[in-house]
Amino acid sequence: MSQQMSCKLPENTLVIVAGGSLGLAGIVYLSGQLKNCKERRRLNNLRRNKQKEREKQFVALEKKYPSGPESATIVSLSFEALVSKLQKRELSAQKVLEAYVAKAITVTREFNCVTEFAPQCFEWAKELDSSKSIKGPLHGVPICIKDDHDIEGMDTTMGYSIYLNSPKSESAVIVKILQDAGAIPFCKTNLPQTIFSYGSDNPIYGTTLNHLNKELGPGGSSSGTGCLVGAGGALFGLGSDLGGSVRIPSHFCGISAIRSTIGRLSGRGIMQCLEDCAGYTG
């Protein structure tokens, strides 16, 4: 059995080896191969279903919140101007969110930076608008979240199909802190599989491109965040950085980055590629 078997081998197949019996080792090998084939099929199905769900979500949001003059005006505001209008309630959190969702979809259609939109984001915006008081300094500001950060009710995949259909019961600490300050985590952004890479692609969501030049990559591993912020689909977002994963995308995408001292911010709720990095964020 020197050659690798194809996954096309159907289950319950009788294998006859010319010149002798298969032997115990061969039977164990075939059994393992069949199990691997089943697992690959399962993961392929998970991935295809997620891709279909993602496209369905994008189409629904495009129809409900199309880009227009009003949304274009909102997303053209500077961070300071947007915060001022939200604090004075000259703009509602709902209107701002709708504008940034429309912009983020447009950007993603071209550069593939958003993985999914948070299903609760519009409910969070309504809660802010119905509140009698301003929640905090980021009241109503939409922010994007790198896919390795947990958001309640959403998958955290790090580009691995095996983590699909496993929504988190709790958001990452840093996400909660920003929400307590009034921000709205409205989408998750793409990353390279395992995150320990300067790349920007994974088998679930594909490759993110550089918004300045589609022939180039946006850097990694906070590739989706760098691209989305650089292209104007979010004013700021979260990434994670062990060896340059925030700094490289910011450099490649023409934006600024802040990397905290190790241990300054909680890493709880952020998926790590290395056991030694558990609890770390930067």
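Now for a look at the structure at hand.

Rules used in this analysis
- Residues numbered from 1 in each chain as written.
- Predicted model: local features only at pLDDT ≥ 70, side-chain atom pairs only at ≥ 80, totals over all residues.
- Heavy atoms only, no water.
- Pairing = 2+ DSSP bridges.
- Helix = DSSP H or I, 4+ residues; strand = E, 2+ residues; numbered from the N terminus.
- Contact = heavy atoms within 4.5 Å.
- Axes fitted to C-alpha atoms, helices over the stretch in contact; angles between N-to-C directions.
- Core = buried A, V, L, I, M, F, W, Y, C linked by side-chain atoms within 4.5 Å.
- Buried < 20%, exposed > 50% of the residue type's maximum accessible area, 1.4 Å probe, protein only.
- Phe/Tyr/Trp six-rings, centres within 6.5 Å; stacked < 30°, edge-to-face > 60°.

1. Points about the sheet that holds strand E6 (residues 237-238)
Reasoning step 1: Spatial ordering of the open sheet is given by E1-E3-E2-E6, a layout of four strands whose pairing is mixed. Edge strands, defined here as strands with exactly one partner in the open sheet, are strand E1 (114-117) and E6.
Reasoning step 2: Of the strand pairs in this sheet, E1 and strand E3 (residues 184-189) are connected by three bridges, and their pairing is antiparallel. The residue of E3 that forms the bridge with Val114 is Thr189.
Reasoning step 3: In the packing of helix H4 (residues 93-111) onto the sheet, contacts are made with E1, strand E2 (142-146) and E3, and the angle to E3 comes to roughly 10°.

2. Observations regarding the nonpolar core
Reasoning step 1: In terms of nonpolar packing, the biggest core is built from 52 residues, with Phe117, Ile184, Phe186 and Leu228 touching the most fellow members.
Reasoning step 2: The element contributing the most residues to this core is H4, with 10 residues.
Reasoning step 3: The residues touching Phe117, leaving out its near neighbours within four places in the chain, are Gln57, Phe58, Leu61, Val101, Ala104, Ile105, Met154, Phe186 and Cys187.
Reasoning step 4: Counting five residues, the second-largest nonpolar core is a separate cluster that includes Leu43, Leu46, Leu164 and Ile204.

3. Structural notes on the packing of aromatic side chains
Reasoning step 1: Using the criterion set out here, one finds five aromatic pairs in the structure.
Reasoning step 2: Aromatic side chains Phe58 and Phe117 sit 5.6 Å apart centroid to centroid with 70° between the ring planes, which places their arrangement in the edge-to-face category. A residue pair is termed long-range when its members are at least 10 positions apart, and Phe58 in helix H1 (residues 23-64) and Phe117 in strand E1 qualify at 59 residues. Here Phe58 matches Phe117 in class, with each residue buried.
Reasoning step 3: The interplanar angle of 20° and the centroid separation of 4.8 Å between the aromatic rings of Tyr65 and Phe122 together place this pair among those described as stacked. Highlighted residues: Tyr65 in the loop between H1 and helix H2 (69-75) and Phe122 in helix H5 (residues 121-130), separated in sequence by 57 residues. Taken individually, Tyr65 and Phe122 each receive the classification buried, so the pair is uniform in this respect.
Reasoning step 4: Among the aromatic residues, those joined into a cluster by ring pairs are Phe58, Phe117 and Phe186.

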